[in-house]
Every structure is written in structure tokens, then in C-alpha cells.
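# Inside the fold
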Amino acid sequence: MEYLGLSLALFGAALAAALSGIGSAIGIGVAGGSAAGVMTEDPNKFGSCLILQALPGTQGIYGLLIAFFVLNKLGLLGGAGAVALNWNQGLQIFAACLPIALVGWYSAIWQGRTSAASIQMISKKPEAMGKAIILPAMVETYAVLALLTSILMLMGIQVG
Amino acid sequence: MSYVYTVARLRGMENHILDSAFFTRLMDSASIDDALKMLGETSYSQYLNQDSNFDKAIDSEMLATFHELAQFVPDQELLTLFRIPYDFHNVKVLLKGLFKVRAGDLNGRRYDLLSKLASIDTNELTEAVETEEYGFLPYGLTDVIPQCVALWDQTKNAQAVELLLDHQMFKAMLALAEKLNVALVTKWVKLKIDAENLKAAIRLARLKYDSNHALPFFHEGGFLRPDDFAKLMNEPQETWSRILSHTDISKVLNALTEQQDLKVAFSDVSAAIDRYLLEVLESAKYSIEDPANVLLYILAKEAEARNVRVSLVCVSSGLDREFARRAVIA
Amino acid sequence: MGVARLKKSELYYHKSVHAQIAAALQESQACQIISTESESEAKLRESGSETLALLSKSEEKLSDIRYLMRSLTPHFVDPVPSLDRMLGERPEVSMEDLSKLSDQTDLKVICEKTRAVEQRTAQTRLELSQARADLALLENLGFFQYQLSVITEGTKTLKAVIGTVKAESVNKLKAALGDFSKFSSDVDLTVAEIDEKANPQEIYAALIYSRKLEREILDVCVKNGFSSVEIPSHFQATVAEEKKIAVAKIAELEAAEAAALADMKALAQENMPTVQKLSDYWTSMNRRWQEIAKSENTETTVFTKFWIPETECEKLKSRIDSISSDVELVFADPEPGEEPPTLLRNGNLARPFNILTELYSPPTYRGIDPTPLLAPFFFIFFGMCLGDAGYAIVLAGTIWYVFRKYKRIPAGIKDFIKLFAYCSVSTLIYGIISGSFFGNFIDSFVPILVPFKNSLMLVDPMTNPMQVLGISLLLGVVHLMFGLLIAAYDKIRHGEFVDALGANISWFLFIVGLCFYGVGLGGMLPSHFVQIGQAMAILGAVIIFIYAGKGKAGIFNKIISGFLALYGSTSYLGDILSYSRLLALGFGSAVIGMVINLLGGLAADIPYIGWLIGIVVIIGGHIFSILINILGSFVHPLRLQYVEFFGKFYNGGGESFAPLTLSQEFVTVKS
């Protein structure tokens, strides 16, 4: 049982990176399908489409960021070796990973759908690019808040 | 392939659909040559050749549109839905020819009237009808064609045969739509059947049919039953919209209440029905992946093809432009 | 500063100088023509026939140009890359040059040449596909040994037909045809050998029959599922010979197709530069006459109305005066009921931020221009989100290179690039004070500089994020309160004192009071701020409560709406918390940088080639990080402006000033 804490913490880090990565992949995939459709008819829109497609990608990065944060905290990066962790602390770290894992996952999917709709919008109204970019960014707010929650929780947890 | 791609690509393609400004200019062209030159700047150009047979060019463009859509629409049934009417048109042409040949008119076969837009290859259909091997035909044609032949042998009533085919056509369309399982598409097909019945009802009312005689003319499968339409025959047309007030379609009937002349009312109601059918689908515009967007695009393309035809006919025969303009905008 | 003052000008001139005046109005690029509403369209058409003739001429030219652009562009290799073209690397010409070029160039001739080559290509392709189809057909007819002329022409007594029949119907057909055998050798059916592996459903068959039985035999065939295949009439020799001919023809046609494409390419290379220039010229002309057609005409004079920025009036007047003395040019201020278009005019510092306002919606003519108000906040927010000195240096360096290489960048694009140049400054500053240089590059690889870096640090988001969160939220409060005060100012300007007090100032007092109270309790401000804060918050709440009840009937309704209004403070809480993204994004770019350095460091431990992989990982990773973080750092501060800040006072709703300009897609027009 001595490694239970470490395992729980790693499980949390894995979920943070994996779930938000899955979400971003789905979101970017949906937006990419839309972008490809618009570009088939109008290849000149590549620039605007690419920006809109990239928007749901940040959740995956946020998840990765938290995962690294955890690894760093556990001392698994670099040669120093893992810190000792009891199961209680492991569970705390696991809990701290959940906000970005869950919110990152869902918000990326919905942001992708909004991006897809925005891409369809600029196909009709290229001059509305500014508005088209803001709509998906509204969704991302909640991923940012979840990231913040995860970071603050991790910072508060004492290990070692 | 997902509908997200499909719908986005359709949005791009919608930008190329000719707008009313184009048709105004097209109708203002001095001669058919000028008009064709103008059309040469559009996607129709590749089908326009020297002999200026624009009917063929318009059909080719429609066919090319179906082929293009077929490449990226995940459910081919959506396209078939629009091609089934052409299939039944072809069956009618072939059967008419067959009956004529049997009656001794050896030149009765009119293969030139067959439409290429049908989903069944015309050669295959011709062969099937000529060799009386209907086994492989879709849309219930396997059973309905022998019925038609038998009916003709008994009654020699061309109208009855057409009606039989029309019933089967709407049945086939509804079956196809239900197979797709997209709420909006099914609703649209059902409303289309209602709309067809409503148009028939007005026509029959003009001819003073009573309920019993009118009943066979109405198709099954809509939101309203054929009975409901047949009952209308016994009522004055001003009251129809009140009788149907519990249904969605009643609002297109305003023209009937206001317009005494049934002929004018008919064209008003027809226009209102077409608008309503389009409105129903338009809610799909707000979705990034509703398959009904495919229907919307095909309807827009069909409207465009019709407008090109009207404009060119108007220019080539020197018809009254005001009349054509009204036809195009409707 | 802010919305530029416009003048409404009325210009009367003689028809003889019509063309020069139109040119002057367009080349000033500062006049937005107003259509004279009194005239009906039909009357306009009648009286301005001269303008309409010019308009239709430009449309005719444009139609040719559009055709050429469409046909030639796919074959044209542009010597100037499109990025360079966008950044101003395009030929510089004057309108006179273009006009001369247009006179010298016969577009019709180019069109004819192009059309000829295009038709040749299409014809060749058609023949090629025909020849290929012929060959494919011949491949299936190997079983037919006679001359094909038997089919295409027939002999005096015999005729042949080739077709396909379903595999299962072959015997049926044979049996049916057997009925004719009483006429001895009148019918002969040859069936192709069936290749079991290939498609056995359809079998090719040839039928030779006597002409006198043609109708009966063909009828039997049709009924038994024999469908004839059309054999092109030029097939005369045997199948093997025809095959040879077809192969030779295909080779010949392929060569012809290649030649036609080469001709097209040569045409494109030769004519495209001219066509592009003329495209700009005739697009300009088309715009010019379309706008001028809005003028009013009499027998001899023309009357044009337009909006013009006040600053441009003098320049235009002297230009018009030099054309003719028979003109009357009157400038007037917009009347109270009129709604002129909006032109944002800001000083050098704020101008690049105009685009942010325009992306949202420009203000109305008499409204507030929010650009200078949002500019400092956007500047700071962007810096906090990107927040890395190294990234700032890369960004600034790239912009410096672009400005050095391209001297003629169009104004709009230049402003947009400048916006990022400004923001790189705030990024650099925040990067220094938060100790971020390519993430933790200094800590990881140049430990010797760590004391220096640390000595410049004022905040440390990595170890003390609460401090930065506090700063972010504080900036949020300042931003929002600023928005409230602007709204109050705007209302007072229009004499709505009560509304300003009830809807804006009250909230200002309430929220600032609460902040003072909270911060005072926390011990970060002297304790008397607690009392001040308390007083402000209570005063604010009371005003909000009373104001909400204004206009409601009955004391009960007044109380309900008062409480509802106070409950609205939750939306302010949400607004303020939204600024926490400043911390999160800045933190994000720092940590991504850190991760890249870490990976690079790990890679460097691989023996022999590790250092190379490490460098690739670090450079590639940071480039990726810069791109993705610039996107985030642009979008999120923009959202804070649009949603949180504009939500307090700004609706936009104006119409952008859209003067009659010259088309400069392919050329730069010098005046």
C-alpha cells in the first residue's frame, strides 16, 4: 500500500492530460471537418479557418500543463526521485486534477462545435471574423476557470 | 465522413448559387446570345455548346450537382429523395410507350422523354420494362408496374395508372425518409404529401368533385389522412382554413379565404405551400450538422435551374419580362 | 481624437468637366457619395445617360477581365509571392499609366486567343475521351472477326448488331432466335467467350441477320433482354486493326493536349501582369461610375453630394478649383437629424487599436469612440497573457524584419502589425517582472544569470499565484469601474443625470466600497478604509435600491425590484472573476515554456546526438508555443474588452465611413 498515494496522483495527472486531450482532439476534429468543407469551395479562407480550428486546442494544453505540474510536484521529472506520498495526499492531488480533466474534456468538444459554426459563418460573411473568433472564446472561459481551480488546488496541497 | 464537413461545404457552395440580381441582368439581355454569354460566366458554362440547347445544359448541371453531392453526402438517400420523382416520371413514359406499341403504334416509344436525373439508370429501367423483369427494381416498382399493366388492360384509364404510380412514389419517398431517421427530413416529406394533397383538393374542388369521387386522388402518409381531404370537398373553400386550423398547414390557406377565383387562389396557395415547405427546412440552417441542409441546398439549386430556364425562355421568345420577373422571384 | 468630424458637401458642376471631377473625387479617396433620394431610379437612368454609358463600358471590360482572370490564373506562376503582394510589393503606377495601358491593350484579342486555346483544349479532351472509350469498347469486341463495316453499314442483304445480354438470358435469346432458323442462314448469333473471373452478368454478343427480317428479329432481341451497343460509324476495319488506329490516335491527342496546355501557360505568363493591372483599373472605374451615378443631373449640370472628413476639405477644394472655375462646392455640418457614417481618427499611439473597435462595431457618429479607452487595457492584458520576455523579443524581431524588408505595406495591414509591435513591449515588461524568458530557460540552462533575473522580478506567478490573481482581479475591477464611469459621463453629457447616478455611479460606489472594505479588513490598506468602504457600499446599495423602484407602482413592487436589482451584483462578481484568465493564460505560457525546456533538457541526455535533438525540440517547441499563445493572448483580452468592458457602456451600431476609393489589389496607385 505504500505506493497507493503516488498511484492516485499519477492517475489524476493521466486523466487531466488524457480527457482534456480527447476533448481537444474531438473539438478540433469537428472544426476541421467544417474548415475542410468551407475550403473545398474557397481555398482562400485557409488563414481564418486555421485560426478558428486551433481555438479548441488549448484545453489539451491546459491538461498537459496540469499533468506536468503534478509530475513536477511528485519529483518525477529530473533525477531527484519521487517524494513520499500517503494515500490521503494522493487522493487530494487526484481531486485537484478533476476540474481541468472534466471541464477540459467537455468544453473542448463544445468549443469545437462553436468553432465549426463560426467557420460556416465566415464562409458567408468573411468580414465578421472578429465576431467569429469571440464566440468560441466564450466557451473557453470555463476551461480557463477550471485550469485556475486545478492550479490553485495543486499549489495548496503540501507533499513531501 | 461527417455532416459537419458536408454542411460546411454546402455553405460554401451556396455562395455560388446565382442571385436575383443575376437573373435581373440575365432577363435584361438583348438577345439569347448575350444571355448565353452571360451564363458562360457561371457553372453552366461547361455544358453550353454551340447549338445553344440550354435545356440540356440545365439538366446536365443538375445531374453534375447530384454527382458532386454524392461524393460527400454521407446518406445517399437524401439525394435519392429528389431523384425518385424522375424515376416515376420515367416509368410513366415507358409504360405509355408500351401501351401505345401494344395498341399498334410502333413509334410509340419515346425514349427521348426519359430523364437522366432519375436514380435508376434509364437503360436498365427500359430493359426491365421491355423484358417484364421487374424483380430488381427498387421503390416497390416490382409490384406496382404489373399492377399498372393489369389496370390498363382492364380499364384503359391512363389517369388511374398515373395515380397508382403517384401513390407508390410518395410511399417510397416516405419509406426512404423514415429509413434515414432524421426528424426534419421525415417531417418535410410528410408535409410535402400534405401539400400535394392540398393542391389536388383545390384542383378537384374547381372541377366540383364530391368526397367519394375525390378520395382516390389523395395520397397516404402525410400528417392528414386522405379522408380529411376528401371531407373538404363538401365544404365551401372559405372555411377550409378553419377546418384545418388544428394543423400546421392551415396558414397557407389564407389565400382561399380572401380570393374568390379558385384559379388565382390555386397559384397563391401553391406559392405559399412552397414557401412553407422551405421555411420548415430552414430551421436546419442554424445547425452545423443537420442533414436537412442537403435538402435545402438541392431545393435552392432546383429553384436556380428553374429560374435559368424561365429567364432564357423569356429572352429567346421575347416574352413579357415583367411576367418572367414575377415567376423568377416567386 | 475619436470620431472624426465629417462635412456634408454639395458639389455643382458643368457636364463638360464631369469626368475630371469624378476622377478627383475618387483619387482623393476621402469622399463617400450620398445618393440623392428625390430622384427615382428610372429618371436617373434617363438623365445620367453619359454616366451609364461609362458604367456599362466598365462592366463590359470587367466581364472580359473576369473571364481572363478565371481562365488564366490556374496557369499563371506569379513571380511575386502572394505574401509579398499583400505586404505591398506590387507595381507602382499612376492612373494615367493605367489608362494608357488600357488604350494600348486590346482585351478582346487576348480573350479570343484564350478562348481559342481553351476550346482547343476542350475539343482535344473530348476527342481523347472519345478515343479512350472507343478503345475500351474494342477491347470487348475481340470475338468479332469480321470487318466492323458489317455493323456500321451492312451489306446489301445482311446487317449485324452488337450488344450485351444478361448471362442467364443467353439461352432464352438463342431459343427465341431459333424460331427464325427455318429461313436457313438468316440469323447467326455469336457470343463472346465468357471469362469466368470477370463480370459474368453481361455478355457481349454479335448478331448477323438478313435485312428483310430486321424488325421482327430486333423485336425478339429487345424482348429477350438484348440491348444493342452503339458502334461508332467510323469503325470499318477489323477489331484488331481498329485497335491499332485508336492507340495511335490516343498518343497523338495526348501530345496535342500537352501542347494546348503549354500554349495556355505561355498566354498566362505573357498577359496576366497586364490583365491584373487592368483589373484594378476597371474595377476602380466601375466603382467610380457606380457612385457618381447617384448624382442628380439637369440639362447641363451635375449635382453630387458626399461626406468628407473636415481635414480633407481644403485639399479637395483646391483640387476641384484647379479643374474648373465653374464649380460650386459647399461644405456644411451634418444636421441634427442626420446620421453620418463613422470614421475613427486616432493619434499614432491609439490608431492601431482602431481595428479592435471596428471588429466589434464602430460607434455612431455622435457616440463615444472607445478605442483610446480600451487601448491601454488591451496593451496590459496582452502583455500579461503572453508574459514572456523571450517571446516578446522574437515577436518584436520578426516585426522589425518585416518593416525593414517591406517598405510599402498598406496602411491597414501596417496598423495591424503595429498593434502587435506595441503589445510586444508590454509582453517584454511583464516577462521581465515575472521572470519569464522562454519559460524558465535561464533557470534550466544559464544558471549564472539567475540572480540577475531574480533581482528584476516583482511578481512570481509560479510560487505565489495568489498575488498575480489579486492583481488580475484588481485590474478587472479598475477596468469595469472605468467602463461604468464612461457610461455615467455619456449619460451626463446627454443630460440624463438621474440615470447616470442610479444605473452607473451607484454601482461604482457599491463595488469600490466593497473592495475598500474587503481590502481594509485584510490589512492591506489602512483601517479607516474599512469605514469609508462601508459607507460607500451602503450609499451605493441604497441608490440602487431606490432607482430600481422608480416608475414601479406600489410599495411592494418597489421593494421587490429593489432586491432584484441588488441581486444583479452577482453578474459583477462573474465579470470580475472572468479576469482571472489573465493569470491562467500567463501561467499557461510560462508552464508550456517550462515543459519545452524540460523536454529539451531530457533529450540532451541522449548520447552523441542528444544536443542536436535538444536544440530542435527547444526551438520548434518555442515557435509552436509562441504561435498558440499569441492566439490566446489576442482572443482573451479582446473578449474582456467586448463582453465585460463594452457591456457597461458601448453598443456600437454606427456605420463605417466607406469612401469611394481606388482598387489596389494588384498595383499601388501613386497620385
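Residues numbered from 1 in each chain as written. Chains lettered and ligands numbered in written order. Predicted model: local features only at pLDDT ≥ 70, side-chain atom pairs only at ≥ 80, totals over all residues. Heavy atoms only, no water.

## Some words on the packing of aromatic side chains
- Evaluation of the coordinates by the stated rule reveals 41 aromatic pairs over all chains.
- Ring geometry for Trp 105 of chain A against Tyr 106 of chain A: centres 5.0 Å apart, planes inclined by 55°, an arrangement best described as tilted.
- For Trp 105 of chain A, a relative accessible area of 27% gives the class partly exposed.
- What makes Tyr 106 of chain A partly exposed here is its relative accessible area of 47%.
- Measuring from centroid to centroid gives 6.4 Å for Phe 437 of chain C and Phe 441 of chain C, while their planes differ by 65°, and the two rings are edge-to-face.
- Judged by relative accessible area, which is 27%, Phe 437 of chain C ranks as partly exposed.
- Phe 441 of chain C sits in the partly exposed class, given a relative accessible area of 24%.
- Taken together, the ring pairs connect Tyr 360, Phe 377, Phe 381, Phe 482, Tyr 579, Tyr 642, Phe 645, Phe 646, Phe 649 and Tyr 650 of chain C into an aromatic cluster. (Phe/Tyr/Trp six-rings, centres within 6.5 Å; stacked < 30°, edge-to-face > 60°. Buried < 20%, exposed > 50% of the residue type's maximum accessible area, 1.4 Å probe, protein only.)

## A closer look at the pairing of strand S5 (residues 158–166) of chain C
Residue and element names in this part refer to chain C.
- Along S5, 7 of the 9 residues are buried, which leaves the element largely enclosed by surrounding structure.
- Taken together, the 3 bridges between S5 and strand S8 (residues 226–228) define a ladder with antiparallel strand orientation. Pairing of Gly 163 across the sheet is with Ser 228, part of S8. (Helix = DSSP H or I, 4+ residues; strand = E, 2+ residues; numbered from the N terminus. Pairing = 2+ DSSP bridges.)

## Remarks on the interface of chain A and chain B
- The interface is formed by 14 residues belonging to chain A together with 15 residues belonging to chain B.
- When the two sides are added together, the surface that chain A and chain B hide from each other amounts to roughly 1200 Å², 56% of it contributed by carbon and sulfur.
- Taken as a group, Glu 41, Gln 120 and Lys 124 of chain A account for 48% of the area that chain A buries against chain B, more than any other trio of residues on that side.
- The interface formed by chain A and chain B contains 3 salt bridges.
- We note a salt bridge from Glu 41 of chain A to Arg 9 of chain B, for which the minimum N-O separation is 3.3 Å.
- Joining chain A to chain B, the criterion identifies 7 residue pairs in polar contact (both at pLDDT 80 or more).
- Only helix H1 (4–41) and helix H4 (87–124) of chain A provide two or more residues apiece to the side of chain A that touches chain B.
- In terms of residue count, H1 of chain A provides more of the side of chain A that touches chain B than any other element does, 8 residues in total.
- For the side of chain A that touches chain B, the class distribution of residues is 5 nonpolar, 6 polar and 3 charged. (Contact = heavy atoms within 4.5 Å. Buried area = accessible area lost by both parts, 1.4 Å probe. Salt bridge = Lys/Arg side-chain N within 4 Å of Asp/Glu carboxyl O. Polar contact = N/O pair within 3.5 Å; in protein donor to acceptor, adjacent residues only side chain to side chain. Nonpolar A, V, L, I, M, F, W, Y, C, P; charged D, E, K, R; others polar.)

## Things to note about helix H23 (residues 581–603) of chain C
- Taking 1.5 Å per residue as the helical rise, H23 of chain C with its 23 residues ought to reach 33 Å, and the 32 Å between its terminal C-alpha atoms agrees with that figure.
- Extensive coverage of H23 of chain C is indicated by the burial of 19 of its 23 residues. (Expected span 1.5 Å × (residues − 1).)

## A look at the interface of chain C and chain A
- Each side of the interface is counted separately: chain C has 30 residues, and chain A has 25 residues.
- Buried surface at the junction of chain C and chain A, both sides included, amounts to about 2300 Å², of which 85% is carbon and sulfur.
- Linking chain C with chain A are 0 salt bridges, by the criterion used here.
- Residue assignment for the side of chain C that touches chain A shows that the elements contributing at least two residues are helix H12 (354–360), helix H18 (465–493), H23 and helix H24 (610–649) of chain C.
- In terms of residues, the side of chain C that touches chain A owes the most to one element, H23 of chain C, which gives 12 residues.
- Here the residues of the side of chain C that touches chain A sort into 25 nonpolar, 3 polar and 2 charged.

## Brief notes about the environment of Ser 295 of chain C
Residues and elements named next belong to chain C.
- Secondary-structure assignment places Ser 295 in the loop between helix H10 (239–292) and strand S9 (296–297).
- Since its relative accessible area comes to 1%, Ser 295 is described here as buried.
- Taking the C-alpha atoms as reference points, Ser 295 and Asp 369, 74 residues apart in sequence, are found 31 Å from one another.
- Here the side chain of Ser 295 touches Ile 292 through a polar contact of 2.7 Å, landing on its backbone oxygen.
- Engagement of the side chain of Ser 295 in a polar contact is seen with the side chain of Thr 304, the distance being 2.9 Å.

## A few points about the confidence of the model for chain C
All names here are of chain C.
- Taken over all residues, the pLDDT of chain C has a mean of 84, while the share at 70 or more is 94%.
- Here helix H2 (residues 41–47) stands out as the element of chain C with the lowest mean pLDDT, 51, in contrast to helix H14 (residues 389–405), whose mean of 94 is the highest.
- Taken over the whole predicted complex, pTM reads 0.77, whereas the ipTM for its chain interfaces reads 0.78. (pLDDT = per-residue confidence, 0-100.)

## With respect to the environment of Thr 124 of chain C
Residues and elements named next belong to chain C.
- In this fold, Thr 124 is placed in helix H6 (residues 107–140).
- Judged by relative accessible area, Thr 124 falls into the buried class, the value being 7%.
- Residues Thr 124 and Glu 254, 130 residues apart in the sequence, show an inter-C-alpha distance of 8.1 Å.
- Sequence-distant contacts of Thr 124, that is, excluding residues within four places in its chain, are made with Leu 253, Ala 256 and Glu 257.

## Structural notes on unusual backbone geometry
- One non-glycine residue, Lys 156 of chain B, lies in the positive phi region at around 55°.
- Position of Lys 156 of chain B relative to the elements: it lies in the loop between helix H7 (141–155) and helix H8 (158–180).
- Of note in the backbone geometry, Tyr 608 of chain C takes a positive phi value of approximately 65° without being a glycine.
- Tracing the backbone shows Tyr 608 of chain C in the loop between H23 and H24.
- Relative accessible area serves as the criterion here: at 78%, Tyr 608 of chain C is assigned to the exposed category.

## Regarding the side chain of Lys 199 of chain B
Residues and elements named next belong to chain B.
- Residue position: Lys 199 is located in helix H9 (residues 183–206).
- What makes Lys 199 buried here is its relative accessible area of 17%.
- Look past the residues within four positions of Lys 199 in its chain and what remains in contact with it is Phe 266, Ser 270, Ile 273 and Asp 274.

## Some points on the packing of H1 of chain A against helix H1 (residues 3–14) of chain B
- Their axes nearest at 7 Å, the elements H1 of chain A and H1 of chain B cross at an angle of 30°. One element, H1 of chain A, and the other, H1 of chain B, form an angle in the roughly parallel class. At the point where H1 of chain A passes H1 of chain B, the crossing takes the right-handed sense. Residues Val 30, Gly 33, Ser 34, Ala 36, Gly 37, Val 38, Thr 40 and Glu 41 of chain A of H1 of chain A touch H1 of chain B, and the partners they reach there are Val 4, Tyr 5, Ala 8, Arg 9, Gly 12 and Met 13 of chain B.
- In terms of residue class, the contact of H1 of chain A with H1 of chain B is built from 7 nonpolar, 5 polar and 2 charged. (Axes fitted to C-alpha atoms, helices over the stretch in contact; angles between N-to-C directions. Parallel < 35°, antiparallel > 145°, perpendicular 65-115°, else oblique. Left-handed = near helix turned anticlockwise from the far one by under 90°.)

## What about the nonpolar core?
- In terms of nonpolar packing, the biggest core is built from 107 residues, with Leu 69, Leu 95, Leu 141, Ile 145, Val 185 and Phe 218 of chain B touching the most fellow members.
- No other element matches H9 of chain B, which puts 13 residues into this core.
- In contact with Ile 145 of chain B, other than residues within four places in its own chain, are Val 91, Leu 95, Val 129, Tyr 134 and Leu 137 of chain B.
- In terms of nonpolar packing, the next biggest core, distinct from the first, is built from 66 residues, Tyr 430, Phe 510, Ala 541 and Met 594 of chain C among them. (Core = buried A, V, L, I, M, F, W, Y, C linked by side-chain atoms within 4.5 Å.)

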